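Structure assessment
As a plain string of letters, each chain reads:
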Number of protein chains: 2
Amino acid sequence: MSLVIVGSVAYDGLQTPAGKVDRALGGAATYIALASSYFVPSSIVAVVGDDFDQQDYNFLASRNIGLEGLERVPGKTFFWAGVYSDDMNDRTTLTTELNVFADFNPKLPAAYRARPYLMLGNIQPALQRSVRAQMNAPRLAGGDTMNFWINDFRAELLETLKDWDFLLINDSEARLLSGESNLKRAAAAIRALGPRILVIKRGEFGATLFHDGGSFSVPGYLLDSLKDPTGAGDCFAGGFIGYLASRGVSLDAAAPAAELARAVVYGSVMGSFCCEAFGVDRFRTLTRDEIDARFAEFQQFTAF
Amino acid sequence: MSLVIVGSVAYDGLQTPAGKVDRALGGAATYIALASSYFVPSSIVAVVGDDFDQQDYNFLASRNIGLEGLERVPGKTFFWAGVYSDDMNDRTTLTTELNVFADFNPKLPAAYRARPYLMLGNIQPALQRSVRAQMNAPRLAGGDTMNFWINDFRAELLETLKDWDFLLINDSEARLLSGESNLKRAAAAIRALGPRILVIKRGEFGATLFHDGGSFSVPGYLLDSLKDPTGAGDCFAGGFIGYLASRGVSLDAAAPAAELARAVVYGSVMGSFCCEAFGVDRFRTLTRDEIDARFAEFQQFTAF
């Protein structure tokens, strides 16, 4: 079952206590697709400038990521630079240059409209809504958002969420979106806005899933070495929806609870790998065997 | 198998976003014993003043908590007052009146010296060490500490930890004690100081156990309503060591990994109940059936 991913493809300047990279391939759609492509055929809809490096294009193509929807236009690719705090739980944005991304108006290639799974990276809610409307009848459609859209584009975001089956956000965003500090009540309020499947990501502390059948929590993976958390949330999303797509899961299926829980664990697995190297570098060598071995590790360190 | 608990018995002034209580029964030994007494016969060694309320004494006695070692001396009982932040993750101390606790020099009743389990609440490391030395040959001995002792009594604390089988601390204390920000490396450094069993408590995010056989993590329980987190860490400790004592676990046993993991879950269960009411109030009505039902809930929301 194939997956369509819409979002940014970008270059990032990254500085963490473990090192510094001036210009690395990044962007939400990039990370999501790199993670999901281990599970299902994945295609990106995004825009880059004429400075986009052929090597980066080749790298994505080499992972069997569909690039028919990767538009290349005159100008420069979206550039973001940030620096992380000592514990890497906070980051400060140094530069945001939208460049060609400022005029991004995603148009799905005709062949993508009938695809069964849609993952909308963190972009303006109206664009997410427009993409969702271009799809025929996906089995699962949903995405990500952030505090900027929650604060300044609330009405537009609420309209967008109505059509989503799933939403992935972090705990501070969940509290901001719902106005509830208690996570259980926050989740109930958010699910009432549309997405029947809600994943609240909690960084190093793991993630919690809320759905019709109840809730599921997984603790965080203890990394030997944290190099760069950039993209970890997007890789979580890629592992999550990638696994669900590989299993053909829909909301109508009889008992998706176990599949949803495993999807959260695969999301955690992919997020944990992402942090082990700068930018997307971990995905240059990562194998499916390593993914399955880490999934087994999660089973071991959480069973009682 | 019976358990000896050494620590404070106190009165607390508590203010949280959910309410305010001017004077409530508290203290580490109180919370630990209230939690552990659901699992094993538990006895407290502590000191109170002549203002200690007979009703509070009767309440502890009614839970089958041994009070032979609860010394009553002229003066006032230890009093602490604090106020919690809106998210209850931080608290500010308003008052600390050590009172009779200032001269606390715990002496174990002779009958306690042969008991198989010892839990040392958060008191001065030299006192913890003196108590440990009074015990014959416990199956498991260990306890809790805090940033104050780690910072200002480090040498004394390190000497004390040498004789402990287990240590329970929170993640910021683990980083402070070890000087390592990576939790896995922090745990390895701390275990090298003595305690082969280390539990790092992470508040609402759960807890992680490190032992010879590896690690185990449990996510936090999602409370319907958080009233007052005071004592949650001590109740965690009580549930943890109480369960281990009920199973006769020692470090020499063949495969304690599964028992240690279950002990961490019972600790989490007891900590979660503690937060549902002010002070010790939840323990006035809590039943063993409720404890086992919540343990089953943990199994449900963590299985995949």
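Our subject in this report is the structure included herewith. Not measured: the values here are computed from a predicted model.

**A closer look at the overall build of chain A**
For chain A, the helix and strand inventory stands at 10 helices and 13 strands. In terms of C-alpha radius of gyration, chain A reaches 18 Å, essentially the compact-globule figure of 19 Å for 304 residues. With respect to the principal axes defined by its C-alpha atoms, chain A has extents near 50 × 45 × 35 Å. Among the 304 residues that make up chain A, the fraction classed as buried is 51%. Within chain A, residue pairs in contact and separated by at least 24 positions form 67% of the contacts whose partners lie at least 6 positions apart.

**Concerning the relation of the copies chain B and chain A**
Structural alignment of chain B on chain A gives an RMSD of 0.0 Å, achieved by rotating through 180° and translating 0.0 Å along the axis. Put plainly, the chains are arranged around a two-fold axis. Nearest to the rotation axis, the C-alpha of Pro219(B) is located 2.5 Å from it, this being the minimum over chain B. When the interface residues of chain B are mapped onto chain A, 100% of them again lie at the interface, so the same face is used by both copies.

**Comments concerning helix α6 (residues 171-178) of chain B**
Taken as a whole, α6(B) has its buried residues at Glu173(B), Ala174(B), Arg175(B), Leu177(B) and Ser178(B). Buried positions along α6(B) lie against α4 (147-152), β10 (166-170), α7 (183-191) and β11 (197-201) of chain B.

**Quick look at the interface of chain B and chain A**
Reports often express the size of an interface as the amount of accessible area lost when the parts come together. The partner chain A presents 24 residues to the 24 residues of chain B that form the contact. Elements with a contribution of two residues or more to the side of chain B that touches chain A: α7, β13 (214-218), α9 (257-274) and α10 (288-302) of chain B. A total of 5 residues in the side of chain B that touches chain A trace back to one element, the largest contributor, which is β13(B). Per-class residue counts for the side of chain B that touches chain A are 12 nonpolar, 7 polar and 5 charged.

**Observations concerning the sheet that holds strand β4 (residues 42-48) of chain B**
All names here are of chain B. The 9 strands lie next to each other as β5-β4-β1-β8-β9-β10-β11-β12-β13, forming an open sheet whose pairing is mixed. Two strands close off the open sheet at either side, each with one partner strand: β5 (65-72) and β13. If you compare each strand with its neighbour and ignore which way they point, the axes differ by 15° on average. In the packing of α7 onto the sheet, contacts are made with β10, β11 and β12 (207-211), and the angle to β11 comes to roughly 140°.

**Observations regarding the sheet that holds strand β10 (residues 166-170) of chain A**
Residue and element names in this part refer to chain A. Ordered by their spatial adjacency, 9 strands build an open sheet running β5-β4-β1-β8-β9-β10-β11-β12-β13, and the pairing between neighbours is mixed. Bordering the open sheet on either side are β5 (65-72) and β13 (214-218), each of which pairs with just one other strand. Averaged over all pairs of adjacent strands, the angle between strand axes in this sheet comes to 15°, irrespective of strand direction. Relative to β5, strand β4 (residues 42-48) runs parallel, the two sharing 6 bridges. Across the sheet, the residue bridging to Ser42 is Ile65, located in β5. Against the sheet, helix α7 (residues 183-191) makes contact with β10, β11 (197-201) and β12 (207-211), and its axis sits at roughly 140° relative to β11, the strand it touches most.

**Re the packing of α9(B) against α10(B)**
Residue and element names in this part refer to chain B. Orientation of α9 relative to α10, taken along the N-to-C sense of each, is 115°, at an axis distance of 10 Å. Crossing angle aside, the handedness with which α9 passes α10 is right-handed. Two secondary-structure elements touch here, α9 through Val265, Tyr266, Ser268, Val269 and Ser272 and α10 through Ile291, Arg294, Phe295 and Phe298. Within the contact of α9 with α10, the residues separate by chemical class into 6 nonpolar, 2 polar and 1 charged.

**Here's the deal with unusual backbone geometry**
Residue and element names in this part refer to chain A. Phi at Asn64 is positive, roughly 60°, even though this residue is not glycine. Among the secondary structure elements, Asn64 is positioned in the loop between α2 (54-62) and β5. We note that Met88 has phi near 60°; this positive angle belongs to a residue other than glycine. Take Met88: it is sitting in the loop between β6 (79-84) and β7 (91-97). When the 20 C-beta atoms within 10 Å are taken as the criterion, Met88 is described as buried.

**Let's talk about the pairing of strand β3 (residues 19-26) of chain B**
Remark: a regular strand shows side chains that alternate across the two faces of the sheet. All names here are of chain B. Pairing geometry for strand β2 (residues 10-16) and β3, over 6 bridges, is antiparallel. Paired with Gln15 across the strands is Lys20, a residue of β3. Turn length for the β2-β3 hairpin, with the two strands adjacent in sequence and antiparallel, is 2 residues.

**Description of the pairing of β11(A)**
Residue and element names in this part refer to chain A. Counting buried residues in β11 gives 5 out of 5 residues, a clear majority hidden from the surface. Across the two faces of β11 the burial is the same, with Ile197, Val199 and Lys201 and Leu198 and Ile200 all buried. Two elements, β10 and β11, share 5 bridges in a ladder whose sense is parallel. Residue pairing across strands places Leu167 opposite Leu198, the latter belonging to β11. Sheet topology places β11 next to β12; 4 bridges connect them, and they run antiparallel. If you follow Leu198 over to β12, its bridge partner there is Phe210. In textbook terms, the turn of a hairpin is the stretch between consecutive antiparallel strands, and for β11 and β12 this stretch comprises 5 residues, one of which, Gly203, has a positive phi near 55°.

**Considerations on the environment of Asp281(A)**
Residues and elements named next belong to chain A. Residue position: Asp281 is located in the loop between α9 (257-274) and α10 (288-302). By the C-beta count within 10 Å, which is 16 here, Asp281 ends up partly exposed. Between the C-alpha atoms of Asp281 and Ala24, which are 257 residues apart in sequence, the distance is 9.0 Å.

**Examining the environment of Gly121(A)**
All names here are of chain A. Along the chain, Gly121 turns up in the loop between β8 (117-120) and α3 (125-134). Look at Gly121 and you get buried, because 26 C-beta atoms sit within 10 Å. Remark: the alpha-carbon pair of Gly121 and Gly231, spanning 110 residues in sequence, is separated by 11 Å. Among all residues touching Gly121, those that are not within four sequence positions of it are Ile5, Val6, Gly7, Ser8, Ala28, Ala29, Ile32, Gly143, Asp144 and Asp234.

Cut-offs and rules
Residues numbered from 1 in each chain as written. Chains lettered and ligands numbered in written order. Predicted model: local features only at pLDDT ≥ 70, side-chain atom pairs only at ≥ 80, totals over all residues. Helix = DSSP H or I, 4+ residues; strand = E, 2+ residues; numbered from the N terminus. Rg over C-alpha atoms; globule rule 2.2 N^0.38 Å. Buried ≥ 20, exposed ≤ 12 C-beta atoms within 10 Å, placed from the backbone. Contact = placed C-beta atoms within 7 Å. Least-squares fit on C-alpha atoms with pLDDT ≥ 70 in both. Nonpolar A, V, L, I, M, F, W, Y, C, P; charged D, E, K, R; others polar. Pairing = 2+ DSSP bridges. Axes fitted to C-alpha atoms, helices over the stretch in contact; angles between N-to-C directions. Left-handed = near helix turned anticlockwise from the far one by under 90°.

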